[in-house]
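Here's the letter readout for the chains.
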Amino acid sequence: RKEVEQDPGPFNVPEGATVAFNCTYSNSASQSFFWYRQDCRKEPKLLMSVYSSGNEDGRFTAQLNRASQYISLLIRDSKLSDSATYLCVAYITGGGNKLTFGTGTQLKVEL
Amino acid sequence: NAGVTQTPKFRVLKTGQSMTLLCAQDMNHEYMYWYRQDPGMGLRLIHYSVGEGTTAKGEVPDGYNVSRLKKQNFLLGLESAAPSQTSVYFCASSGHTQYFGPGTRLTVL
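Because the structure is predicted, anything quoted here is derived from the model rather than measured.

Novice: Can you tell me about the environment of B:Val60, naming the residues and giving the values?
Specialist: Residues and elements named next belong to chain B. In this fold, Val60 is placed in the loop between β6 (56–57) and β7 (65–67). Separated by 56 residues in the primary sequence, Val60 and Val4 have C-alpha atoms spaced 22 Å apart. Setting aside its immediate chain neighbours within four residues, Val60 contacts Arg36, Arg44, Leu45 and Ile46.

Here it is in structure tokens:
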């Protein structure tokens, strides 16, 4: 079983739609979580951190449920420019501060 | 700030050839990483470094070597390239957040 699991998609949604991605992690020692965005043939870039209380950044909302070991990302009012692959990431401090990446969920926003 | 840079951007090798990928960062980060990304596999950690002069193995270290002689540079070497090493290689550095370089697309024939 992969340490971080995501539905690969693709999620095809019309512009203006709300879309949600889910992610589960298996290592209960994971301490921090992030969503990264990766455009085609480009490097991953940090989209947002995920906090236990939930956090919002404009149209993006991230939630963490430690009891269920579950992370989510909600995108409201989707834009064409949101089309990308979204990577769920778990982080364990110590031993090099390594990140464990999910394989990503592909989003395609269409007219 | 240039952030994280990688050279070269593209490379084609024949089986058995060697090469070195260079990663440089100008953010004074202690931690640096090398990943490979393959379709359906996600990003997998090859080697990492927690400071100048130190290196450690990641998830998929076989066939690769690394060196961190200077804090700002992290080199990834392939001594004898194999077709299975065809991939996109990303370098990253971190304080708390990991920042990635633009990647090197390597094809081994």
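More follows now that the structure is in view.
Novice: Tell me about unusual backbone geometry, and name the residues and values.
Specialist: All names here are of chain A. Cis geometry is adopted by the peptide bond preceding Pro10, which originates at Gly9 and carries an omega value of 10°. A positive phi is found at Arg41, a non-glycine position, where the angle reads about 65°. For Arg41, the position within the fold is in the loop between β4 (32–38) and β5 (44–50). Residue classification places Arg41 among the exposed residues on the basis of a relative accessible area of 58%.

Novice: Outline the nonpolar core, listing residues and values.
Specialist: Counting residues in hydrophobic clusters, the biggest one holds 23 residues, and the most contacted among them are A:Phe21, A:Trp35, A:Ile71, A:Leu73, A:Ile75, A:Tyr86 and A:Leu107. Elements that contribute at least two residues to this core include exactly β3 (19–25), β4, β5, β7 (60–65), β8 (70–75), β9 (84–91) and β11 (105–110) of chain A. When residues no more than four places from it in sequence are discounted, the contact partners of A:Tyr86 are A:Gln6, A:Phe21, A:Trp35, A:Tyr36, A:Arg37, A:Leu47, A:Phe60, A:Leu73, A:Ile75, A:Gly104, A:Thr105 and A:Leu107. Among the nonpolar cores identified, the runner-up in size contains 19 residues, and B:Leu21, B:Trp34, B:Tyr64 and B:Val66 belong to it.

Novice: Please set out the side chain of B:Gln25 residue by residue, giving values where relevant.
Specialist: Within the secondary structure, B:Gln25 is located in strand β3 (residues 19–25). Those residues in contact with B:Gln25 that sit more than four places away from it in its chain are B:Gly3, B:Val4, B:Met32, B:Arg68, B:Lys71, B:Gln72 and B:Ser93.

Novice: I'd love a proper account of the sheet that holds β3(A), names of residues and values included.
Specialist: Strand pairing in a sheet relies on backbone hydrogen bonds, with the paired strands running either antiparallel or parallel. All names here are of chain A. Spatially, 5 strands are ordered β1-β3-β8-β7-β6 in an open sheet, and the strand pairing comes out antiparallel. Edge strands, defined here as strands with exactly one partner in the open sheet, are β1 (4–6) and β6 (55–57). Across the sheet, the axes of successive neighbouring strands diverge by a mean angle of 20°, strand direction being ignored. In this structure, β6 lies alongside β7, joined through 3 bridges in antiparallel fashion. Across the sheet, the residue bridging to Asn55 is Ala62, located in β7.

Novice: Which residues make up the state of the cysteines, and what values do they have?
Specialist: Summed over the entire model, instances satisfying the criterion amount to 2 disulfides over all chains. The side chain of A:Cys23 participates in a disulfide bridge whose partner is A:Cys88; the two sulfur atoms lie 2.0 Å from each other. An S-S torsion of about -80° defines the bridge between A:Cys23 and A:Cys88 as left-handed. With A:Cys23 in strand β3 and A:Cys88 in strand β9, this residue pair connects regions lying 65 residues apart in the sequence. Of the two residues, A:Cys23 and A:Cys88, both sit in the buried class. Bridging B:Cys23 to B:Cys91, the disulfide has an S-S length of 1.8 Å.

Analysis parameters
- Residues numbered from 1 in each chain as written.
- Chains lettered and ligands numbered in written order.
- Predicted model: local features only at pLDDT ≥ 70, side-chain atom pairs only at ≥ 80, totals over all residues.
- Heavy atoms only, no water.
- Helix = DSSP H or I, 4+ residues; strand = E, 2+ residues; numbered from the N terminus.
- Contact = heavy atoms within 4.5 Å.
- Buried < 20%, exposed > 50% of the residue type's maximum accessible area, 1.4 Å probe, protein only.
- Core = buried A, V, L, I, M, F, W, Y, C linked by side-chain atoms within 4.5 Å.
- Pairing = 2+ DSSP bridges.
- Axes fitted to C-alpha atoms, helices over the stretch in contact; angles between N-to-C directions.
- Disulfide = S-S within 2.5 Å.

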